[in-house]
Amino acid sequence: MSMNSSTLLNEENSQGPKRNSECLESLELQTTSSFQDNPLQQLQLASQEVLEKAKKSGRSKCPRCSSSRMFYCYTCFVPVETVPTKEIPTVKLPLKIDIIKHPNETDGKSTAVHAKLLAPDDVTIYKYPCIPEYKEKRHEIALVFPGPDSVSVKDIAFHLQKYSKKGVCDTDDDCSREPFLKQAKMEPKEEEERNLNECISNNRNEGTRLKKIIFIDSTWNQTNKIITDERLQGLLQIELKTRKTCFWRHQKGKPDTYLSTIEAIYYFLVDYHQEILKENYKGQYDNLLFFFSFMYTLIKNAKCCAGKE
């Protein structure tokens, strides 16, 4: 929950019964068209009644640091006292997620915490520059970030084949080239062919085993320092080219395909489920947008009442 969103809530509650009544009447007239304009309306979400109650109660204490927050504490990654943990959905993810947060990114404006709250067992948030070393496992890790060398989700397995877990193949070149052992030592022809086939086969198997995906949490103007870090060099980069953001803080001058962190995580997983796991998507990850969708509707309605839409 961002500080700006909290301000909107406070302003909405301070207008008095008359203003609220007029607002509700206006919203009822616009219900049909608003729902059609809301791309998040079709999500299969857990009941958000707990958030509705918390909104009416106002800000509450974080059970860990005692800070006053709305819905959750964005520094401790836990719900506030008025939002029982048992009433928050939990999402199981098919792989691990690392989120690298820029040190200057405002905690209250970040949606990365949503992922940690809703998939606590599978999500880890790091504050840059304190991040892991990824080089030795780049055959099973990818980074979601647009760029000239980025590939689509459906091409992940194909491109990861060039990374060898044990360095049998030259990791800077395509693994269809001859293995290192063949160049270093002359062996019978049959043995050479066997080694080459094993190299290609092993890498095909490993290439389908994406185990971790990395996301960068920052404004787009802050990403350069992180994306150029040597610890992220050589990782396969993924770009989500067809999704459009619903984020209420979309940065001016950037295309609408530049997503907020939680949107990027959600859409990546949906594509991964369909393109890599080859399974029908039935809303398994929709609850990752549990907080995001609630805030989207809340802020959209507040703007509507204020005459900004």
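What you see is a predicted model; the values in this text were computed from it and never measured. (Residues numbered from 1 in each chain as written. Predicted model: local features only at pLDDT ≥ 70, side-chain atom pairs only at ≥ 80, totals over all residues. Heavy atoms only, no water.)

1. As for the overall build of the protein chain
The helix and strand inventory of the protein chain stands at eleven helices and nine strands. Taking the intrachain contacts of the protein chain between residues at least 6 apart in sequence as the baseline, contacts between residues at least 24 apart amount to 73%. Carbon and sulfur atoms form 47% of the exposed surface of the protein chain, whose accessible area is close to 16,900 Å². (Helix = DSSP H or I, 4+ residues; strand = E, 2+ residues; numbered from the N terminus. Contact = heavy atoms within 4.5 Å. Areas by Shrake-Rupley, 256 points an atom, 1.4 Å probe, with all protein chains shown as cover.)

2. With respect to the side chain of S293
Within the secondary structure layout, S293 lies in helix α11 (residues 290–305). Classification of S293 as buried rests on a relative accessible area of 6%. Polar contacts involving the side chain of S293 include one to the main-chain carbonyl oxygen of L289, which spans 2.8 Å. For S293, the residues in contact, after removing those within four places along its chain, are L40, L43, L45 and Q48. (Buried < 20%, exposed > 50% of the residue type's maximum accessible area, 1.4 Å probe, protein only. Polar contact = N/O pair within 3.5 Å; in protein donor to acceptor, adjacent residues only side chain to side chain.)

3. Description of α11
With 16 residues, α11 extends 23 Å between its outermost C-alpha atoms, agreeing within 8% with the 22 Å of an ideal straight helix rising 1.5 Å per residue. By the criterion of burial, α11 is predominantly enclosed, with 13 of the 16 residues buried. (Expected span 1.5 Å × (residues − 1).)

4. What to know about the sheet that holds strand β8 (residues 212–217)
In space, the five strands of this open sheet follow the order β6-β5-β8-β7-β9, with parallel pairing throughout. A single partner strand is all that each edge strand has here, and the edge strands are β6 (123–127) and β9 (236–238). When strand polarity is set aside, the average angle formed by the axes of neighbouring strands in this sheet is 30 degrees. As paired strands, strand β5 (residues 96–101) and β6 are joined by five bridges and run parallel to one another. In the sheet register, K101 faces β6, and the bridge partner there is K127. In the packing of helix α10 (residues 261–275) onto the sheet, contacts are made with β5, β7 (141–144), β8 and β9, and the angle to β8 comes to roughly 155 degrees. (Pairing = 2+ DSSP bridges. Axes fitted to C-alpha atoms, helices over the stretch in contact; angles between N-to-C directions.)

5. Thoughts on the confidence of the model for the protein chain
Of all residues in the protein chain, 69% attain a pLDDT of 70 or more, and the chain-wide mean is 78. Element-level mean pLDDT values for the protein chain span from 38 in helix α7 (residues 180–184) up to 98 in β5. This stretch, residues 165–186, has a pLDDT under 50; its non-local contacts, to residues over four places away or in other chains, come to 31 contacts. Taken together, the stretch residues 199–208 has pLDDT below 50 and engages in 17 contacts with residues farther than four places along the chain or on a different chain. (pLDDT = per-residue confidence, 0-100.)

6. Quick word on the nonpolar core
It is characteristic of soluble globular proteins that their nonpolar side chains tend to be buried jointly. Of all hydrophobic cores here, the largest spans 61 residues; its most connected members are I97, I238, F268 and L288. The leading source of residues in this core is α10, at nine residues. Apart from the residues lying within four places of it in its own chain, the contact partners of L288 are V91, L93, H114, L118, A119, I262, I265, Y266 and L269. Judged by nonpolar contacts, the second largest core, of 13 residues, contains F145, I214, I216 and I226. (Core = buried A, V, L, I, M, F, W, Y, C linked by side-chain atoms within 4.5 Å.)

7. Focus on the state of the cysteines
All chains considered together, the criterion is met by zero disulfides. The cysteine C65 is free of any disulfide, with C62 supplying the nearest cysteine sulfur at 3.6 Å. A relative accessible area of 34% places C65 in the partly exposed class. Between C76, a free cysteine, and C65, which holds the nearest cysteine sulfur, the sulfur-to-sulfur gap is 3.7 Å. Taking the relative accessible area as the measure of exposure, C76 reaches 18% and is therefore buried. (Disulfide = S-S within 2.5 Å.)

8. Remarks on unusual backbone geometry
The residue after Y128, namely P129, is reached through a cis peptide bond having omega 15 degrees. When you line up the elements, P129 lands in the loop between β6 and β7. The residue F71 is not glycine, and still its phi comes out positive at about 75 degrees. With respect to the secondary-structure elements, F71 resides in the loop between β2 (68–69) and β3 (72–73).

9. Notes on the environment of P63
Structurally, P63 is set in the loop between β1 (60–61) and β2. Sequence separation of P63 and C73 is ten residues, and the distance between their C-alpha atoms is 8.8 Å.

10. Observations regarding the packing of aromatic side chains
Enumeration according to the criterion identifies seven aromatic pairs in this entry. Centroid distance F268 to Y272: 5.8 Å. Interplanar angle 25 degrees. Geometry classified as stacked. One end of the pair is F268 and the other is Y272, both in helix α10 and four residues apart, which spans about a single turn. Comparing F268 with Y272 shows no difference in burial state: the two are buried. (Phe/Tyr/Trp six-rings, centres within 6.5 Å; stacked < 30°, edge-to-face > 60°.)

11. A word on the pattern of salt bridges
In the structure shown here, the tally under the stated rule is eight salt bridges. A salt bridge links D122 to K92, with the nearest nitrogen and oxygen atoms 3.3 Å apart. Of this pair, D122 sits in the loop between α5 (112–118) and β6 while K92 sits in the loop between β4 (78–79) and β5; the two residues are 30 residues apart in sequence, bridging distant segments of the chain. Exposure remark for K92: the relative accessible area of 60% places this residue in the exposed category. A salt bridge links R243 to D271; the nearest nitrogen and oxygen atoms lie 2.6 Å apart. You can see R243 sitting in the loop between β9 and α10 and its partner D271 sitting in helix α10, a full 28 residues away along the chain. Take R243: its relative accessible area is 21%, and that puts it in the partly exposed class. On the basis of relative accessibility, which here comes to 15%, the residue D271 falls in the buried class. Residues joined in a network through salt bridges with shared partners are K92, K96 and D122. (Salt bridge = Lys/Arg side-chain N within 4 Å of Asp/Glu carboxyl O.)

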